[in-house]
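# Overview (structure and organization)
Each chain, letter by letter, is given below.
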Amino acid sequence: MESITKRFQTTKIYKFDYLFYFFLIIAILSIFFNVLNYFNLKESIQDFDKFDSGFCEYFIITPSLQSQIENKSIKFSKKDIYVFPELENLKCIGRVGEFYIENNQIKGYVYTNTKLVNNIILIFNFSQIIFHYFFNFYTKKKFYSLLCFVNLILFFNFYNSINLVSYNFLFTSFLIIYFFENEA
Amino acid sequence: MKLKTQNIAFYLFVLIQVVNIQFSTHHVETLDWDVNAFLVTGLEYGRGNLPYEFQYENKPPLLFLIFYFFSLITNSNLFYIKIINDILILLILIMMSNLYKKSVDDVFSRYTPPLLFLLFTSNVWFHPNYSEYLVIVFLALAQIFNHTNLKSQNILIGFSVGLASLINIGSSLFLISFLLIINLEKGLRLFKTITLILGFSIPHILFLTAYWYNNLLEEYIMATVHVPLSYTNSDFSFTYALTVFLTALKNYDLYIYSLLLISIAFLIYKTFRNTIYKINEPEHYEILILCISSLLFFYVAGKGYYHHLILFLYFISFSTKWISKNLNKLIIILIIFISLIGANMSAFQMTKTNLRNFDNIQSNYPIYQIASNLKSKISTNEIIFSTHNILLLYYLDKPNSSYIVHPALYDYEEITSELKLFKKVANDEIKNNIQKSPKIIELSNDEFISGDYIKLKTDNVNKNLLNYWSKDPPLNIYIKK
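Residues numbered from 1 in each chain as written. Chains lettered and ligands numbered in written order. Predicted model: local features only at pLDDT ≥ 70, side-chain atom pairs only at ≥ 80, totals over all residues.

Let us look at the overall build of chain A. For chain A, the count of helices and strands is 4 helices and 5 strands. Ordering the α and β elements of chain A from the N terminus gives α-β-β-β-β-β-α-α-α. The 184 residues of chain A split such that 24% are buried. (Helix = DSSP H or I, 4+ residues; strand = E, 2+ residues; numbered from the N terminus. Buried ≥ 20, exposed ≤ 12 C-beta atoms within 10 Å, placed from the backbone.)

Spelled out as structure tokens, the structure:
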């Protein structure tokens, strides 16, 4: 009986390991494609007359990026978009669009949705805390790695949608974990 | 004996802190309009009227009675009334240090909550005599009664919450909180529930009877039921309002801000931990329920004003009380220490000036000076219409010619529409009152032109002392020729 329980516990951790690797691969891939995409934007925008921005095709890390291309400077500003009921807009968060030229300056918008990103951070972090401390889903090492990786990716991919509340959720999550490890 | 000396030393310490922090803004006459409106409406009791009879302000009647009492004992000295608020804050801090001693009682757990509350409310946003401070006094009494073994414990809890709800209607929410708290420990207890509700009802019945006796039941229901319900119509985003506050707090002091986050995180941690290990800690659940209720209070108030968060800041201050590890205690003490230095340093210079100038603070208030000059020019039966610097009404002991007292209410459509329904105000209330041809008209703009009136010269008034939030506040007073 004891061995069955042990085997079940081992299987349980093993199964959830897949979940961990799944999150990890998604995270690495998303960063990889976004970085690639970002360099693509820098290259494509040089020939603005032939430039086709498509539907939220290009990714950008920071809107304050303002580089000079020949005689033209580039400036992006933030624009909040709804993702409900327009679910296709989900693709646009953190990406750029609506390019135009004004006073010899290329201008465009970086699409953001602070509420959505904050909810993702809140739900992800708190659910992981519950999974780990209530149900013992992962090993401690994997729990820490997952939390750090996913938060890093969220902050990297949705940097423009991040505000003080996002940092609050992050800081509070880490504090809760700290208390679990150092108070109990 | 040692404990007593320790307590006395702590009380002296917080007294110095309260004086240093609060006195830094006492030289400014108006920190918030709300207080002015409470004072003006409170004077109605002195005229033998009840609030809402001829004057309307958007709060329950006990608050005005308390402010009338403040006016009486200070001889309508605004500066002294501000000091009363400092005493109230000191009282709250002392009560805090004596609460929840059953499960944990060491120096850290006793003195951390009051120090946190002192720091959270150290910014000027929380300096005025807000109704929330009075509410806290009564809710703290309810907390104290909840931890006594008195026979009439539940009646007293209910009575305290009832009084709090007659100071700020939103605090009625805490009736549900305390009902939950008393039933949480040992399941549903019908007798306790009924006695608590009975205690809550007593002050309400008393005020209801007073209004009924004076044929003002309709006005009472309008002010305590219809108008508060109309608040729910207002466009308000809870998360946005909280974000605004947190951003402002972070900009004010990063250490105090981090103390708030630590308190919230510890409350969540403790809740998770108690759930996982099935630990029954009634005092923790009490704080959790009260924190949630105080956030609901902020939500129900529906305006996003920072002072609606005072109750949350009060209850959340208790959360770190149960920290057990010495290292964590040390970290918190260190952050508190740095924050206290910051808060004291920024307040010290102005406090020093104000303490030196103690005797002249009241006489330097701009509206007080103007009112003192106008006193001889207005007779008992002449009326005043004021829409901005309503302290003029307070110093001259006159009701406003309009039913509305609080300057901001003219712009609150959800409230004025209710008042119009009850035929208390006209469609164009300002124009209507000007047509009454009052002896003095005080307006927020200088567009008023009439041959019958001359504008009072206010060049010699120090406008810096008029309103804390405005460098050039409007001061337009017209006197009938």
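Right, picking up where we left off after that structure.
Before going further, it helps to examine the overall build of chain B. Assigned secondary structure in chain B consists of 20 helices and 4 strands. Radius of gyration (C-alpha) of chain B: 24 Å, near the 23 Å computed for a compact globule of 481 residues. Judged by the C-alpha coordinates and their principal axes, chain B covers about 80 × 50 × 45 Å. Restricting to contacts in chain B with at least 6 residues of sequence separation, those with at least 24 account for 73%. (Rg over C-alpha atoms; globule rule 2.2 N^0.38 Å. Contact = placed C-beta atoms within 7 Å.)

Before going further, it helps to spend a moment on the domain arrangement of chain B. The parts lose accessible area when they come together, and the size of an interface is often stated as this lost area. Residue and element names in this part refer to chain B. Each assigned domain of chain B is listed here: domain 1 (2-354) and domain 2 (365-480). Look at where the C-alpha atoms of domain 1 and domain 2 centre, and you get two points 32 Å apart. Within the residue set of the side of domain 1 that touches domain 2, elements represented by two or more residues are α2 (33-46) and α10 (217-230). With 8 residues, α2 is the largest single contributor of residues to the side of domain 1 that touches domain 2. By residue class, the composition of the side of domain 1 that touches domain 2 is 14 nonpolar, 12 polar and 3 charged. (Domains from an automatic or database assignment. Nonpolar A, V, L, I, M, F, W, Y, C, P; charged D, E, K, R; others polar.)

Our next topic: the nonpolar core. When a protein is soluble and globular, its nonpolar side chains tend to lie buried together. Of all hydrophobic cores here, the largest spans 131 residues; its most connected members are Leu-119, Leu-139, Val-161, Phe-178, Phe-315 and Leu-392 of chain B. Looking at this core element by element, the count peaks at 10 residues for helix α12 (residues 254-276) of chain B. When residues of this core are assigned to domains, at least three map to each of domain 1 (2-354) and domain 2 (365-480) of chain B. In this structure, Phe-178 of chain B is in contact with Ala-142, Ile-157, Val-161 and Leu-196 of chain B, ignoring residues within four places of it in sequence. Formed by 16 residues, the second largest nonpolar core is a distinct cluster that contains Phe-59, Ile-93, Tyr-111 and Leu-154 of chain A. (Core = buried A, V, L, I, M, F, W, Y, C linked by C-beta atoms within 7 Å.)

We now examine the interface of chain B and chain A. At the junction of the two partners, chain B supplies 18 residues and chain A supplies 15 residues. Put simply, the parts of the chain that give the side of chain B that touches chain A at least two residues each are α11 (238-252) and α12 of chain B. Looking at which element gives the most residues to the side of chain B that touches chain A, the answer is α12 of chain B, with 10 residues. Residue composition of the side of chain B that touches chain A, grouped by class: 11 nonpolar, 4 polar and 3 charged.

A few words on the confidence of the model for chain B. Within chain B, residue pLDDT values average 92, and 99% of them lie at 70 or more. Scoring the predicted complex yields pTM 0.90 and, for the interface, ipTM 0.84. (pLDDT = per-residue confidence, 0-100.)

A few words now on the pairing of strand β2 (residues 440-443) of chain B. All names here are of chain B. Here strand β1 (residues 384-386) pairs with β2 via 3 bridges, running parallel. Across the sheet, residue Ser-386 finds its bridge partner in β2, namely Glu-442. Sheet topology places β2 next to strand β4 (residues 476-480); 4 bridges connect them, and they run antiparallel. Of the residues in β4, the one forming a bridge with Ile-441 is Tyr-478. (Pairing = 2+ DSSP bridges.)

This paragraph deals with the packing of helix α2 (residues 114-135) of chain A against helix α4 (residues 164-182) of chain A. All names here are of chain A. The interhelical angle for the contact between α2 and α4, taken along N-to-C directions, is 10°, at an axis separation of 9 Å. Here α4 runs roughly parallel to α2, going by the angle between their axes. Touching Val-117, Asn-118, Ile-121, Leu-122, Asn-125, Phe-126, Ile-129 and Tyr-133 of α2 are Val-165, Ser-166, Phe-169, Leu-170, Ser-173, Ile-176, Ile-177 and Phe-180, all from α4. (Axes fitted to C-alpha atoms, helices over the stretch in contact; angles between N-to-C directions. Parallel < 35°, antiparallel > 145°, perpendicular 65-115°, else oblique.)

Turning to the packing of α10 of chain B against helix α19 (residues 413-421) of chain B, a few remarks are in order. Residues and elements named next belong to chain B. Direction vectors running N to C along α10 and α19 enclose 140°, while the axes themselves pass 9 Å from each other. Taken as axis vectors, α10 and α19 run oblique relative to one another. Considering the relative orientation of α10 and α19, their crossing is right-handed. Judged by residue contacts, Met-222, His-226, Val-227 and Ser-230 of α10 engage Glu-414, Ile-415 and Glu-418 from α19. (Left-handed = near helix turned anticlockwise from the far one by under 90°.)

It is worth spelling out the sheet that holds β1 of chain B at this point. Residue and element names in this part refer to chain B. On the basis of which strands lie adjacent, the open sheet formed by 4 strands has the order β1-β2-β4-β3 and mixed pairing. Of all the strands in the sheet, the pair left with one neighbour each is β1 and β3 (453-455). Mean inter-strand twist for the sheet, computed between neighbouring axes without regard to direction, equals 15°.

Tracing the backbone through its elements, the reader meets Tyr-130 of chain B in the loop between α5 (107-120) and α6 (131-146). Sequence-distant contacts of Tyr-130 of chain B, that is, excluding residues within four places in its chain, are made with Asp-34, His-307 and Ile-310 of chain B.

Time to look at the pairing of β4 of chain B. The pairing of β3 of chain B with β4 of chain B spans 3 bridges and is antiparallel. Across the sheet, the residue bridging to Tyr-453 of chain B is Lys-480 of chain B, located in β4 of chain B.

For the rest of this paragraph, the subject is unusual backbone geometry. Residues and elements named next belong to chain B. For Tyr-100, which is not glycine, the phi dihedral falls at a positive 55°. Following the sequence through the fold, Tyr-100 ends up in the loop between α4 (78-97) and α5. Positive phi values are uncommon outside glycine, yet Lys-278 reaches one of about 50°. Of note, Lys-278 is situated in the loop between α12 and α13 (282-301).

This part covers α12 of chain B. For α12 of chain B, which comprises 23 residues, the first-to-last C-alpha distance of 32 Å matches the rise-based estimate of 33 Å (1.5 Å per residue) to within 8%. Of all the residues in α12 of chain B, the buried ones are Ile-256, Tyr-257, Leu-259, Leu-260, Ile-262, Ser-263, Ile-264, Ala-265, Phe-266, Leu-267, Tyr-269 and Lys-270 of chain B. Elements in contact with the buried residues of α12 of chain B: α4 of chain A together with α5, α11, α13, α14 (310-316) and α15 (326-356) of chain B. At the exit of α12 of chain B stands Lys-278 of chain B, carrying a positive phi of roughly 50°. (Expected span 1.5 Å × (residues − 1).)

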